[in-house]
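Here is what each chain is made of, one letter per residue.
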Amino acid sequence: MDWKKLADALIPDEDLQPLEYYETLYAPRNLPKGAEVTRLAPSPTGFMHLGNLYVALANERLAHCSGGVLYLRIEDTDSKRKVEGAVDVILSSLRYFGIAFDEGAEIGGDYGPYYQQQRAKIYRAYAKDLIARGRAYACFCTEEELSAVREKQTENKLLPGYYGEFAKCRNLSEEEIYANLAAGKPYVIRFRSEGDVNKKSVFHDEIKGDITVTENNQDVVILKSDGIPTYHFAHAVDDHLMRTTIVIRGEEWLASLPIHIELFGALGFRLPRYGHNCSIQKIDGEDGGRRKLSKRKDPEASLVFYREEGYHPLAVKTYLMTLLNSNFEEWRLKFPAKPLEEFKFSIGKMGKSGALFDLDKLQDISKEILSSLSAEEMFDFLSAWADEYGSAEEKEYFSDREYLLRVLTLCMGVGAKKRRKDFVTAKQALRTISYFFRAPETPAFRADGETVKAVLEKFMDSYDPADDNAAWFDKMKKTADALGFASDMKAYKSAPENYRGNVSDVAEIVRVAMTGHANTPDLCTIMQILGEEECRRRAAAAAQNL
RNA sequence: GGCCCCGUGGUCAAGAGGUUAAGACACCACCCUUUCACGGUGGUAUCAUGGGUUCGAUUCCCGUCGGGGUCACCA
């Protein structure tokens with residue numbers, strides 16, 4: 001068989017470059033020893049998964065901790081799944097979560113283009129070479145034929161797929177091929193595998209360690225009938241030409257590693273190193289079964305979720321880092337003020353088993369991150385969130401910068417001995433401080449109406465906005481004493497039956513009347529911020545609505 | 001089902017042939033406290049299972065079980 005001629009017939013493009021052209025155009029990178037070249041290779045489906053960020057972070061840290069390069073390649077080879085604006089979703093997610101890449105889609109670089117659609121000629125050149133060398137062939141099987149074969153294989157408990165005796169088009173005669181072409185039958189290009197599934201070998205995965213790989217025997221499709229490559233083929237060509245040194249990807253790719261190994265070999269490429277990262281899981285149902293975070297079932301699988309809820313990007317990143325490198329958390333606790341870029345990320349510290357998504361942990365980290373912000377930084381963070389997701393009312397909070405800054409300073413405990421950690425997300429923070437902007441709707445008191453009324457009346461009678469904290473609290477105590485509550489906590493504790501309650505119960509009534517909440521920062525300061533007039537109005541309203 | 005990966009508290013996990021088996025989150029208790037938080041102290045709780053190797057195994061080996069992934073002209 002004249003394979004050269006066949007290659008010309010199957011891939012008739014006349015404007016293909018010889019392979020040496022690409023090899024010299026995309027010369028090996030000139031980087032210091034140990035520098036890693038890693039990549040982000042999302043497909044533009046319009047959906048960014050937490051797992052995307054997880055893997056992105058690992059690749060980013062690996063590149064930048066080694067003085068290497070991180071690039072972004074858009075894997076847009078599936079025309080059916082392509083979604084308008086999806087690249088923007090990718091770019092904006094990476095920007096929001098602070099994953100900075102050095103070259104790639106939208107910013108360019110020496111190894112582009114970085115959109116696979118634009119690399120079609122390159123793939124076709126390499127595929128043509130494979131055909132000319134007898135390592136790839138045209139397959140004219142229809143989808144129906146393929147699924148019929150697969151069904152039969154499953155029925156007979158055979159390994160499903162296109163291989164060996166089931167690879168009908170593998171040994172088509174020259175006449176048959178040209179007849180099919182003349183008849184205009186659509187075809188795909190398949191790789192001619194020389195592997196044997198009975199042969200196994202040990203492969204070193206950077207994360208999993210030594211693993212057993214079974215040789216590939218599948219004649220996988222490398223060019224689809226539209227002439228666009230499949231993932232496997234594009235991966236081999238691109239990661240070779242872009243000179244990727246290490247590929248960190250989800251462990252769902254482990255199963256196709258044998259294909260990639262054979263493909264790289266047939267193309268004469270040196271295999272990059274691989275690290276297969278386990279995916280983030282979630283408990284499913286009552287039986288305690290685990291599964292991957294699912295795009296369809298779990299809102300928290302989507303990166304949009306964290307943005308809408310107003311999680312600080314650094315909180316999400318920090319949480320992911322704790323999952324990625326087991327010694328990260330220890331480092332963070334030791335150096336709370338250091339940026340996470342200073343942590344020495346190590347691929348060897350990546351876990352082998354899939355972690356369960358832990359919202360509690362994320363929230364704890366979020367509190368800590370937010371409590372480390374200055375009032376101004378918090379203002380900016382909240383403002384940016386409100387711009388995009390806040391209600392009209394919440395957007396109004398930002399019109400008086402001075403006022404909001406006072407509120408934030410108090411609520412965050414800026415300047416106090418200890419910072420407060422009440423804020424978890426932007427959304428929750430804005431809800432929490434809403435009482436600074438409007439009276440609570442229906443304050444819920446634990447005490448009975450009579451008591452509430454008496455306390456509010458008595459306290460507001462003596463209230464003077466000019467009082468300092470001590471004077472203010474002194475009046476709170478007087479109110480307590482006058483109404484049969486203990487003002488002295490020790491006295492109360494030794495004989496609680498002698499009192500209706502203690503000064504904290506009295507304070508709670510005023511607190512709830514002012515804010516609607518039983519838990520707030522220092523009440524005295526809140527009342528100063530609200531202003532005398534507003535405080536009297538709220539006290540009166542609360543007493544009236546009982 | 002075939003193939004592959006994984007298995008230390010509820011969760012993330014450190015760990016080593018001999019340890020009182022770290023730490024963090026969550027939970028509980030107490031302390032601090034004008035409430036709430038913060039903070040502090042303490043506590044409950046873990047080596048999936050059977051068999052080997054060994055003086056000794058949670059650690060090494062094999063089986064079992066359990067969980068996960070994958071078997072496309074999707075990535």
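Predicted model only: the values in this text are computed from it and were never measured.

What follows concerns the packing of aromatic side chains. Scanning all chains against the criterion turns up 28 aromatic pairs. For the ring pair Tyr 22 and Tyr 26, a centre distance of 6.5 Å and an interplane angle of 5 degrees mean the geometry is stacked. Residue Tyr 22 is classed as buried on the basis of its relative accessible area of 5%. Here a set of aromatic residues connected by ring pairs shows up, and it is made of Tyr 21, Tyr 22, Tyr 26, Tyr 111, Tyr 126, Phe 264 and Phe 269. Between the NZ or CZ atom of Lys 5 and the centre of the ring of Tyr 178, over which it lies, the distance is 4.7 Å. Over the face of the ring belonging to Tyr 111 we find Arg 29, whose NZ or CZ atom lies 3.9 Å from the ring centre.

Where helix 16 (residues 401–412) contacts helix 22 (residues 523–530), the two axes come as close as 11 Å, and the packing angle between them is 175 degrees. With respect to their mutual orientation, helix 16 and helix 22 come out roughly antiparallel. Across from Tyr 403, Arg 406, Val 407 and Leu 410 in helix 16, the residues of helix 22 making contact are Thr 525, Ile 526, Gln 528, Ile 529 and Leu 530. Partitioned by chemical class, the residues of the contact of helix 16 with helix 22 number 6 nonpolar, 2 polar and 1 charged.

Domain boundaries assigned for chain A yield domain 1 (3–13 + 121–277), domain 2 (281–370), domain 3 (373–436) and domain 4 (449–544). On a C-alpha basis, the centroid separation for the pair domain 1 and domain 4 is 76 Å.

Overall, the coordinates contain 40 salt bridges when judged by the stated rule. Note that Arg 61 and Glu 60 form a salt bridge whose closest N and O atoms lie 2.8 Å from each other. Residue Glu 60 is classed as buried on the basis of its relative accessible area of 6%. Residues Glu 251 and Lys 208 are paired through a salt bridge, measuring 2.6 Å at the closest nitrogen-oxygen approach. Here Lys 208 lies in the loop between strand 6 (200–205) and strand 7 (209–214) and Glu 251 lies in the loop between strand 9 (246–250) and helix 9 (257–267), a separation of 43 residues in the sequence. Each member of the salt-bridge network shares a partner with another, and the members are Arg 39, Arg 73, Glu 75, Arg 119, Asp 238 and Asp 239.

Moving on, we get to the nonpolar core. Among the nonpolar cores identified, the biggest contains 106 residues, and Tyr 126, Ile 222, Phe 233 and Tyr 306 are the most heavily contacted of them. A total of 9 residues in this core trace back to one element, the largest contributor, which is helix 3 (residues 50–65). Two domains each donate at least three residues to this core, and these are domain 1 (3–13 + 121–277) and domain 2 (281–370). Setting aside residues no more than four positions away along its own chain, Tyr 306 makes contact with Leu 50, Phe 97, Glu 300, Tyr 311, Val 316, Phe 357 and Leu 362. One finds Tyr 435, Phe 459, Ala 507 and Cys 535 within the second-largest nonpolar core, a separate group that totals 56 residues.

Let us now look at the sheet that holds strand 3 (residues 103–104). The strand order across the open sheet built from 3 strands is 1-2-3, with neighbouring strands paired in parallel fashion. Unpaired on one side and paired on the other, strand 1 (37–40) and strand 3 mark the two borders of the sheet. In terms of strand pairing, strand 2 (residues 69–72) meets strand 3 through 2 bridges, oriented parallel. Within strand 3, the position partnered with Tyr 71 by the bridge is Glu 103. Here helix 3 sits on the sheet in contact with strand 1 and strand 2, set at roughly 155 degrees to strand 1.

What follows is about the layout of surface pockets. One number sums up the size of the largest pocket: a volume of about 1,000 Å³. If you trace the largest pocket, you find 37 residues lining it, with Ala 41, Ser 43, Asn 52, Glu 252 and Trp 253 closest to the centre. Those elements giving two or more residues to the lining of the largest pocket turn out to be strand 1, helix 3, helix 4 (86–96) and strand 9. With 6 residues, the top contributor of residues to the lining of the largest pocket is helix 3. Partitioning the lining of the largest pocket into residue classes produces 17 nonpolar, 11 polar and 9 charged. Taken together, domain 1 (3–13 + 121–277) and domain 2 (281–370) each give at least three residues to the lining of the largest pocket, which thus spans both.

Before going further, it helps to spend a moment on the protein's contact with RNA strand B. Around RNA strand B sit 57 residues in total, of which Lys 224, Arg 290, Arg 420, Arg 511 and Asn 519 are the nearest. The protein-proximal atoms of RNA strand B, defined as those within 4 Å of the protein, are 74% sugar or phosphate. A distance of 3.4 Å separates a phosphate oxygen of RNA strand B from a polar side-chain atom of Lys 80. In the model, a phosphate oxygen of RNA strand B is placed 3.0 Å from a nitrogen or oxygen of the Lys 421 side chain. Listing elements by their share of the surface near RNA strand B, those giving two or more residues are helix 6 (143–155), strand 5 (188–191), strand 7, strand 12 (289–292), helix 12 (328–334), helix 13 (359–371), helix 19 (469–482) and helix 21 (503–515). Its residues placed into classes, the surface near RNA strand B shows 17 nonpolar, 12 polar and 28 charged.

Below, the discussion takes up the pairing of strand 4 (residues 136–139). In summary, the side chains of a regular strand alternate between the two faces of the sheet. Burial along strand 4 is two-sided: Ala 136 and Ala 138 facing one way and Tyr 137 and Cys 139 facing the other are all buried. The sheet contact formed by strand 4 and strand 5 spans 4 bridges and is antiparallel. Opposite Ala 136, over in strand 5, you have Phe 191 as the bridge partner.

Moving on to the environment of Met 1. Relative to the helices and strands, Met 1 is located in the segment before helix 1 (3–10). Here the alpha-carbon distance between Met 1 and Pro 521, two residues 520 residues apart in the chain, equals 84 Å. Beyond its immediate chain neighbours, meaning those up to four positions away, Met 1 contacts Leu 6, Leu 172, Glu 174 and Ile 177.

This part is about the confidence of the model for chain A. With 99% of its residues at a pLDDT of 70 or more, chain A has an overall mean of 91. Interface confidence for the predicted complex, given as ipTM, is 0.93, next to a pTM of 0.91.

What follows concerns the pairing of strand 6. Judged from the 6 bridges that link them, strand 6 and strand 7 form a sheet pairing that is antiparallel. The partner of Val 202 across the bridge, within strand 7, is Thr 212.

The rules we used
Residues numbered from 1 in each chain as written. Chains lettered and ligands numbered in written order. Predicted model: local features only at pLDDT ≥ 70, side-chain atom pairs only at ≥ 80, totals over all residues. Heavy atoms only, no water. Phe/Tyr/Trp six-rings, centres within 6.5 Å; stacked < 30°, edge-to-face > 60°. Buried < 20%, exposed > 50% of the residue type's maximum accessible area, 1.4 Å probe, protein only. Lys NZ or Arg CZ within 6 Å of the ring centre and 35° of its normal. Axes fitted to C-alpha atoms, helices over the stretch in contact; angles between N-to-C directions. Helix = DSSP H or I, 4+ residues; strand = E, 2+ residues; numbered from the N terminus. Parallel < 35°, antiparallel > 145°, perpendicular 65-115°, else oblique. Contact = heavy atoms within 4.5 Å. Nonpolar A, V, L, I, M, F, W, Y, C, P; charged D, E, K, R; others polar. Domains from an automatic or database assignment. Salt bridge = Lys/Arg side-chain N within 4 Å of Asp/Glu carboxyl O. Core = buried A, V, L, I, M, F, W, Y, C linked by side-chain atoms within 4.5 Å. Pairing = 2+ DSSP bridges. 1 Å grid on protein atoms, 1.4 Å probe; cavity = no way out; pocket = protein on both sides within 12 Å on 5 of 7 lines; lining within 4 Å. Points joined across faces, edges and corners; volume = space filled by probe spheres on them. Near = heavy atom within 4 Å. Polar contact = N/O pair within 3.5 Å; in protein donor to acceptor, adjacent residues only side chain to side chain. pLDDT = per-residue confidence, 0-100.

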